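Structure assessment
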Amino acid sequence: MSSENRGNRDEWVPGTRRKPVPMAMATGPHEYTPGQQEEPVVLTNLADMIHWAQNWARSRSIWPFSYGLACCAIEMIAAASAPQYDLSRFGYEVFRSSPRQSDLMIVAGTVSIKMGPRLRLLWEQMPEPKWVISMGQCANSGGEFYDSYYTVQGVDTIVPVDVYVPGCPPRPEALIEGILKLREKIEKEGLRRRDE
């Protein structure tokens, strides 16, 4: 990870939301490529090309941390093991049970107030670089428990979230789309976008 990118992650304060990433939305199905919505990057020198190649290799070998909390975990399991979805074709088949061996945390389900500090501790134990996918409305914003006294109103108040997967519960295809979006984000991490 580049020093300026690492600095942005270290400056993140729990309870705050990060700046949105510029996106180019497709106008119709003919322009849509799964996971490819961010602005293209500019590779102007050899160092940028080497950095992009390193990011490309990293984006194809992510090991997710199995952190299923509620019904969204069933959809995550289906995406990982059902033959019609099969995350192994994308290089994400190795779900780890230890945070020290994984670099992607998929928070699938409702996060309670008691679970919040444990989630933060597990996230801190993951080695750098690390990413987080918030899967389902309960993890994104509290979901149907938004007015409850025991539910965290979005996992982004505890850890920095890279990709949000909406739905209640989201289908396995939605998780795969979120993972492809994360793959594109990792590929372009630390590089200058064309519109900048």
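Note that this is a predicted model, so its numbers are computed, not measured.

Take the sheet that holds strand β1 (residues 64-68) next. Overall, parallel pairing links the 4 strands, which are arranged β1-β2-β3-β4 in an open sheet. Single-partner strands in this sheet number two, and they are β1 and β4 (163-165). Here the strands of the sheet are splayed against their neighbours by 20° on average, with no regard to which way each runs. Summarising the sheet, strand β2 (residues 104-108) and strand β3 (residues 131-135) pair through 5 bridges and their orientation is parallel. What sits directly across from V107, in β3, is S134. Strand contacts of helix α4 (residues 115-125): β1, β2 and β3, with the helix running at about 175° to β1, the strand carrying the most contacts. Against the sheet, helix α6 (residues 172-187) makes contact with β2, β3 and β4, and its axis sits at roughly 155° relative to β3, the strand it touches most.

Counting 23 residues, the largest nonpolar core has I106, I133, L175 and L182 as its most contacted members. Among the secondary structure elements, those contributing two or more residues to this core are α3 (72-81), β2, β3, β4 and α6. Once residues lying within four places of it in the same chain are set aside, the contact partners of L182 are I62, L104, W131, I133, D162 and V163. Ranked by size, the runner-up nonpolar core spans 15 residues in total, among them F65, Y67, I158 and V161.

Side chains that are three or four residues apart share a direction in an α-helix, a result of its 3.6 residues per turn. Taken residue by residue, α4 has G116, L119 and W123 as its buried positions. Take α4 and look down its axis: the buried residues cluster within an arc of 65°, on one side only.

Here we come to the pairing of β2. For β2, the buried fraction is high: 5 of the 5 residues fall into the buried class. Every second residue of β2 is oriented toward a common face, with L104, I106 and A108 on one face and M105 and V107 on the other, all of them buried. In this sheet, β2 lies alongside β1 in parallel orientation, the contact comprising 5 bridges. Bridge pairing links G68 to A108 in β2. Remark: the β2/α4/β3 crossover connection has right-handed handedness.

About the thresholds
What you see as residue numbers is a count from 1 along each chain, following the sequence as written. Owing to the predicted nature of the model, reporting of local features is limited to residues with pLDDT of at least 70; listing and counting of side-chain atom pairs is limited to 80 or more, with chain, interface and lining totals taken over all residues. No hydrogens and no water enter the side-chain calculation; it runs on all heavy atoms of the structure. In this scheme, strands are said to pair when DSSP sees at least two bridges between them. Going along the chain from the N terminus, every DSSP run of H or I of four or more residues is numbered as a helix, and every run of E of two or more is numbered as a strand. Working convention: axes come from line fits to C-alpha atoms, limited for helices to the stretch in contact. Angles between N-to-C directions cover 0 to 180 degrees. Any pair of residues with heavy atoms lying within 4.5 Å of one another is described as a contacting pair. Among the buried residues, those of types Ala, Val, Leu, Ile, Met, Phe, Trp, Tyr and Cys that are joined through side-chain atoms within 4.5 Å form a nonpolar core. Buried means the residue's accessible area, taken with a 1.4 Å probe over protein chains only, is under 20% of the maximum for its type, while exposed means over 50%, and partly exposed covers the values in between. Directions are taken from the helix axis to each C-beta atom, and the arc is the one they span. Orienting the strands away from the viewer, one traces the path from the first strand over the helix to the second; a clockwise path indicates a right-handed crossover.

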